[in-house]
Amino acid sequence: MAAGDPGSLKRHYSATAVETTLSGAIVSQSSGDSNTSFTVASTSGFPTSFPYTLLVDPDTNKEEVITVTAGAGTTLTVTRGQDGTSAPAHAAGSTVR
């Protein structure tokens, strides 16, 4: 289903989310891999309902769109390589927005 179609999965949004960084490196995976977790420095302002979308390494050649499907504290469970992006390795300290 295309976004906006009745019955398509709704993504949550926050206008107050603060840019953060990866607390540790994450390895390359296949696009669409799910139940993958990583930790960020902060989830300040992030949505409290799931799913929602984040970018890792935005505005670089390693930019990746991820869907966050669950979270506990600063550990996020995600589906990687969304919206046609690949799921490359990302270094600790990479920007997450």
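Below is a short write-up of the structure. (Residues numbered from 1 in each chain as written. Predicted model: local features only at pLDDT ≥ 70, side-chain atom pairs only at ≥ 80, totals over all residues. Heavy atoms only, no water.)

**As for the side chain of Glu 64**
Point 1. Looking at where Glu 64 falls in the secondary structure, it is placed in strand β4 (residues 64-72).
Point 2. At 2.7 Å, the side chain of Glu 64 and the side chain of His 90 are in polar contact.
Point 3. Among all residues touching Glu 64, those that are not within four sequence positions of it are Leu 54, Leu 55, Val 56, Arg 80, Gly 81, Thr 85, Ser 86, Ala 87, Pro 88 and His 90. (Helix = DSSP H or I, 4+ residues; strand = E, 2+ residues; numbered from the N terminus. Polar contact = N/O pair within 3.5 Å; in protein donor to acceptor, adjacent residues only side chain to side chain. Contact = heavy atoms within 4.5 Å.)

**Considerations on the pairing of strand β3 (residues 52-56)**
Point 1. In β3, alternate side chains face the same way, and those of Tyr 52, Leu 54 and Val 56 are buried while those of Thr 53 and Leu 55 on the opposite face are not.
Point 2. Relative to β4, β3 is paired through five bridges, and the arrangement is antiparallel. Paired with Tyr 52 across the strands is Val 68, a residue of β4. (Buried < 20%, exposed > 50% of the residue type's maximum accessible area, 1.4 Å probe, protein only. Pairing = 2+ DSSP bridges.)

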